[in-house]
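Examination of the molecular architecture
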Amino acid sequence: MDYLKAQELSKLANSQIHFANLYKEAREKAGKAKADLDILLAGKLLSIRERKSNVGYEMSLLMLMEGSKEAIVLYKTMIEEKAKYRGLEKMIDSLQSKISLAQSQMKYIDKGEKFGA
């Protein structure tokens, strides 16, 4: 096995772990914000339904945010953290592709075959 290629794989794997930890943190923050927002909404749902009896979830959130800065902060946090973890998913997938390619290259090199670009 080529030492430099093994080092490259190790760096890629470490990057993948780093992004996976960031992903985990973003998922946790998004989940906590959503849970807190849902609890806040549940406490106000009766008054919201008095204004609009057949209100759906999205509309009830909008109505909640009309009078609650806390709801606005929670909603913003939820949306931003979702966007962050979705981007991190793409980074993790890209790193996995690079790792797989490097492993394939090493396999071909170990077999004595040429690996063309």
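Look above for the structure.
These remarks concern the structure in this document. Only a predicted model underlies this, so the values are computations on that prediction, with no experimental measurement involved. (Residues numbered from 1 in each chain as written. Predicted model: local features only at pLDDT ≥ 70, side-chain atom pairs only at ≥ 80, totals over all residues. Heavy atoms only, no water.)

**Some points on the nonpolar core**
- Ranked by size, the top nonpolar core spans 13 residues in total, and within it Leu-37, Leu-40, Leu-41, Ile-48, Leu-64, Ala-71 and Leu-74 carry the most contacts.
- Residue assignment for this core shows that the elements contributing at least two residues are helix 1 (3-51), helix 2 (57-66) and helix 3 (69-110).
- Those residues in contact with Leu-40 that sit more than four places away from it in its chain are Leu-64, Ser-68, Glu-70, Ala-71 and Leu-74.
- Leu-9, Leu-12, Leu-95 and Ala-102 belong to the second-largest nonpolar core, a separate cluster that totals 6 residues. (Core = buried A, V, L, I, M, F, W, Y, C linked by side-chain atoms within 4.5 Å. Buried < 20%, exposed > 50% of the residue type's maximum accessible area, 1.4 Å probe, protein only. Helix = DSSP H or I, 4+ residues; strand = E, 2+ residues; numbered from the N terminus. Contact = heavy atoms within 4.5 Å.)

**Some words on the packing of aromatic side chains**
- A complete count under the given rule lists 1 aromatic pair for this structure.
- Look at Tyr-23 and Tyr-85: their rings are 5.8 Å apart centre to centre, the planes differ by 85 degrees, and that puts the pair in the edge-to-face class. You can see Tyr-23 sitting in helix 1 and its partner Tyr-85 sitting in helix 3, a full 62 residues away along the chain.
- Over the aromatic face of Tyr-85 sits the side chain of Arg-27, whose NZ or CZ is 4.3 Å from the ring centroid. (Phe/Tyr/Trp six-rings, centres within 6.5 Å; stacked < 30°, edge-to-face > 60°. Lys NZ or Arg CZ within 6 Å of the ring centre and 35° of its normal.)

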